[in-house]
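Architecture at a glance
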Amino acid sequence: MKNKKNIFYWITTGLLCFCMLGGIGQIFQIKEVVDGFKTLGYPTYFISIIGLWKVLAIIAILVPKFPLLKEWAYAGVFFVMTGASASHLAVNDSPFHIIVPLVIASLAIFSWYLRPASRKLS
């Protein structure tokens with residue numbers, strides 16, 4: 001059972017980190033990424049800040065040790081993703097743009113819940 005939990009942890013964590021790799025495009029303000037933010041009304045510098053947070057969260061979640069930092073990273077991912085969903089909802093964006101961030105937030109919850117004892121606060 002413990003081995004199964006560990007496998008599910010790495011699957012959800014891998015999917016979460018893969019999804020958060022979009023932060024690289026946000027840091028460098030790739031045209032398509034910036035265009036996707038225009039409907040939300042956020043300033044362009046905000047895109048780079050969000051992207052940096054996403055990349056730092058990936059690093060914090062994946063590196064061994066630093067359990068308190070991991071807690072903050074998971075919380076940050078959850079807040080950024082639920083905030084993204086709320087932002088898309090506020091501008092009447094498509095259901096896809098509202099649901100996908102909630103799926104990513106759910107991955108963060110599952111990854112956090114399934115993490116091994118070595119990655120938890122004692």
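Before any of the text, the structure's been laid out above.
Just so you know, these numbers come straight off a predicted model, no measurement behind them. (Residues numbered from 1 in each chain as written. Predicted model: local features only at pLDDT ≥ 70, side-chain atom pairs only at ≥ 80, totals over all residues. Heavy atoms only, no water.)

What follows concerns the side chain of Lys 70. Checked against the element boundaries, Lys 70 lands in helix H5 (residues 67-90). The side chain of Lys 70 is buried and forms no salt bridge, while Glu 71, the nearest opposite charge, is found at 9.7 Å. (Helix = DSSP H or I, 4+ residues; strand = E, 2+ residues; numbered from the N terminus. Buried < 20%, exposed > 50% of the residue type's maximum accessible area, 1.4 Å probe, protein only. Lys, Arg positive; Asp, Glu negative; His and termini not counted. Salt bridge = Lys/Arg side-chain N within 4 Å of Asp/Glu carboxyl O.)

Moving on, we come to helix H6 (residues 95-114). For H6, with 20 residues, the first-to-last C-alpha span of 28 Å sits near the 28 Å given by 1.5 Å per residue. Within H6 the residues assigned to the buried category are Ile 98, Pro 101, Ile 104, Ala 105, Leu 107, Ala 108, Ser 111 and Leu 114. Buried residues belonging to H6 abut helix H1 (2-20) and H5. (Expected span 1.5 Å × (residues − 1). Contact = heavy atoms within 4.5 Å.)

Okay, the packing of aromatic side chains next. Considering all chains together, one arrives at three aromatic pairs under this definition. Here the aromatic rings of Tyr 42 and Phe 46 are separated by 5.0 Å at their centres, their planes lie at 35°, and the arrangement is tilted. Here Tyr 42 falls in the partly exposed class, since its relative accessible area comes to 34%. An angle of 70° between the planes, with centres 6.0 Å apart, marks the rings of Phe 78 and Phe 79 as edge-to-face. Its end group placed over the ring of Tyr 113, Lys 5 keeps NZ or CZ at 6.0 Å from the ring centre. (Phe/Tyr/Trp six-rings, centres within 6.5 Å; stacked < 30°, edge-to-face > 60°. Lys NZ or Arg CZ within 6 Å of the ring centre and 35° of its normal.)

It is worth spelling out the nonpolar core at this point. Judged by nonpolar contacts, the single largest core of 19 residues is most densely connected at Leu 16, Met 20, Tyr 74, Val 77 and Met 81. Mapped onto this core, the elements with two or more residues apiece are H1, helix H4 (44-62), H5 and H6. (Core = buried A, V, L, I, M, F, W, Y, C linked by side-chain atoms within 4.5 Å.)

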